[in-house]
Amino acid sequence: MGRNEQMQRKDFDRLRYIIYEACGISLSKDKIPLVVNRISKRQRALGIKSQQEYLRIIEEEKDPEEFVKFIDAISTNTTYFYREKQHFELLTELFKKDSSKGREIKLWCAAASSGEEPYTLAMTACESLNLRRTPFRMLATDICTKVLDRAVMGRYTEKQVENIPKLLRQKYFDREATGKEKYFQATAQLRELILFKRLNLSKFPYPVRGPFDYIFCRNVMIYFDAPLREKVINAFYSLLRRGGYLFIGHSENLLGLQHSFKGVQASVFRKD
Ligand SMILES: C[S@@+](CC[C@H](N)C(=O)[O-])C[C@H]1O[C@@H](n2cnc3c(N)ncnc32)[C@H](O)[C@@H]1O
């Protein structure tokens with residue numbers, strides 16, 4: 001192995017450590033080239049030639065704004081409307097039962113990305129709760145400011161909204177045409193149900209006020225190691241109301257983690 005290659009490996013380990021400390025993401029070795037490519041864009045934007053120098057700025061947290069941009073650059077934000085749609089079918093049933101409770105229902109969407117998931121949740125609430133008798137409020141958080149800005153706007157291309165059933169799209173999205181491209185923006189009614197905030201799931205205690213009836217945390221814990229996953233789900237447990245539900249991604253599980261949740265079905269858990 002050449003000297004350069006060895007140096008690179010040292011930097012890669014350093015980069016992995018920085019990312020783990022910053023947001024709890026355990027980066028597998030095969031993702032390193034992708035991440036290096038993403039941060040090289042930040043280097044170029046700042047006119048910094050060497051990767052080592054960029055890493056030093058991040059490590060020393062001398063530039064808080066750059067630190068946020070670094071996290072924005074490394075996060076993977078894939079999402080879409082009605083992703084894992086069985087969850088929304090179950091939620092519809094649960095919301096219908098909530099309608100008799102006559103109190104506000106609170107939901108936390110803890111890895112909201114660009115908003116497709118929280119807006120899907122908001123449409124599900126509007127369709128299945130009587131909002132006048134049972135008000136509904138949602139907190140939607142993510143570590144990445146870039147996607148949160150898009151989520152607050154709630155504006156999507158025709159391609160992005162194609163998973164939304166047509167009737168719901170007509171009811172909950174305003175259509176606008178700019179040049180050749182058509183856009184669909186979530187209605188004010190939908191947007192008003194959601195408060196978007198930046199929150200890092202790897203830093204405790206969480207600055208949120210519970211109790212929540214539902215917590216959705218899907219397709220993010222897959223990037224965390226087991227000790228962090230355990231801390232995260234136990235924090236969720238304390239923030240849920242008794243009888244409240246935790247939804248995780250279909251490809252995720254709580255196997256091997258110490259917790260008091262009761263499994264309801266694959267990827268859905270209840271606090272009894
Ligand atoms: C793959 S997306 C999943 C989005 C959505 N939950 C879904 O299932 O479609 C993962 C999201 O988790 C966010 N994320 C990564 N690490 C995080 C952390 N430590 N705290 C909060 N959000 C984080 C990313 O910015 C990204 O938007």
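Located above this text is the structure these notes cover.
This write-up is about the structure you can find in this document.

Definitions and cut-offs
- Residues numbered from 1 in each chain as written.
- Predicted model: local features only at pLDDT ≥ 70, side-chain atom pairs only at ≥ 80, totals over all residues.
- Helix = DSSP H or I, 4+ residues; strand = E, 2+ residues; numbered from the N terminus.
- Rg over C-alpha atoms; globule rule 2.2 N^0.38 Å.
- Contact = placed C-beta atoms within 7 Å.
- Axes fitted to C-alpha atoms, helices over the stretch in contact; angles between N-to-C directions.
- Left-handed = near helix turned anticlockwise from the far one by under 90°.
- Nonpolar A, V, L, I, M, F, W, Y, C, P; charged D, E, K, R; others polar.
- Near = placed C-beta within 6 Å.
- Domains from an automatic or database assignment.
- Expected span 1.5 Å × (residues − 1).
- Buried ≥ 20, exposed ≤ 12 C-beta atoms within 10 Å, placed from the backbone.
- Arc of directions from axis to C-beta.
- Pairing = 2+ DSSP bridges.

Another point: the overall build of the protein chain. Helices and strands together make up the secondary structure of the protein chain, namely 10 helices and 10 strands. For 272 residues, the compact-globule formula gives about 19 Å, and the C-alpha radius of gyration of the protein chain, at 20 Å, lands near that figure. Overall size of the protein chain, expressed as C-alpha extent along the three principal axes, is 65 × 55 × 30 Å. Contacts in the protein chain between residues at least 24 apart in sequence constitute 73% of all its contacts with a sequence separation of at least 6.

Next up on the list: the packing of helix α2 (residues 32–46) against helix α4 (residues 64–74). At their nearest, the axes of α2 and α4 sit 9 Å apart, and the two run at 145° to each other. α4 is crossed by α2, and the crossing has right-handed handedness. Between α2, through Val35, Arg38, Ile39, Lys41 and Arg42, and α4, the contact on the second element is made entirely by Lys69, Phe70, Ala73 and Ile74. Tallied by class, residues from the contact of α2 with α4 come to five nonpolar, no polar and four charged.

Looking at the ligand, there are 24 residues lining it, with Ser75, Thr79, Ser113, Cys144 and Leu201 nearest. Here the shell around the ligand is composed, by residue class, of nine nonpolar, 11 polar and four charged. Viewed by domain, the shell around the ligand spans two of them, domain 1 (3–74) and domain 2 (86–155 + 189–270), each represented by three or more residues.

An ideal rise of 1.5 Å per residue puts 20 Å on 14 residues; helix α10 (residues 226–239) measures up with 20 Å between its terminal C-alpha atoms. What α10 keeps buried is the set Arg229, Val232, Ile233, Phe236 and Leu239. Looking straight down α10, one finds its buried side chains confined to an arc of 115°; they lie on one side. Exposed and facing more than 90 degrees away from the buried side of α10 are Pro227 and Ser238. The inward-facing, buried residues of α10 abut β7 (212–217) and β8 (240–248).

Turning next to the sheet that holds strand β6 (residues 194–198). Read across the sheet, seven strands follow the order β6-β2-β1-β7-β8-β10-β9 without closing on themselves; strand pairing throughout is mixed. Strands with a single pairing partner mark the edges of an open sheet, and in this sheet they are β6 and β9 (262–265). Averaged over all pairs of adjacent strands, the angle between their axes in this sheet comes to 20°, without regard to strand direction. In this sheet, strand β10 (residues 268–270) lies alongside β8 in antiparallel orientation, the contact comprising three bridges. The residue bridging Phe247 from the neighbouring strand is Val268, located in β10. Packing of α10 onto the sheet brings it into contact with β7 and β8, and relative to β8 it is tilted by some 145°.

Time to look at the environment of Val152. One can find Val152 in helix α7 (residues 145–153). Along the sequence, Val152 and Lys197 sit 45 residues apart, while their C-alpha atoms lie 9.4 Å from each other.

Here the focus is unusual backbone geometry. With glycine set apart, most residues show a phi of negative sign, and most peptide bonds adopt trans. In this chain, Phe204 is followed by Pro205 through a cis amide linkage whose omega measures -10°. With respect to the element layout, Pro205 can be found in the loop between β6 and β7. The linkage connecting Gly210 with the following residue, Pro211, adopts the cis geometry, with an omega of -5°. Inspection of the secondary structure assignment puts Pro211 in the loop between β6 and β7. Its identity as a non-glycine residue notwithstanding, Tyr82 has a phi of 55°, on the positive side. Along the polypeptide, Tyr82 turns up in the loop between α4 and α5 (86–98).

Shape is all these values report; function is a separate question.
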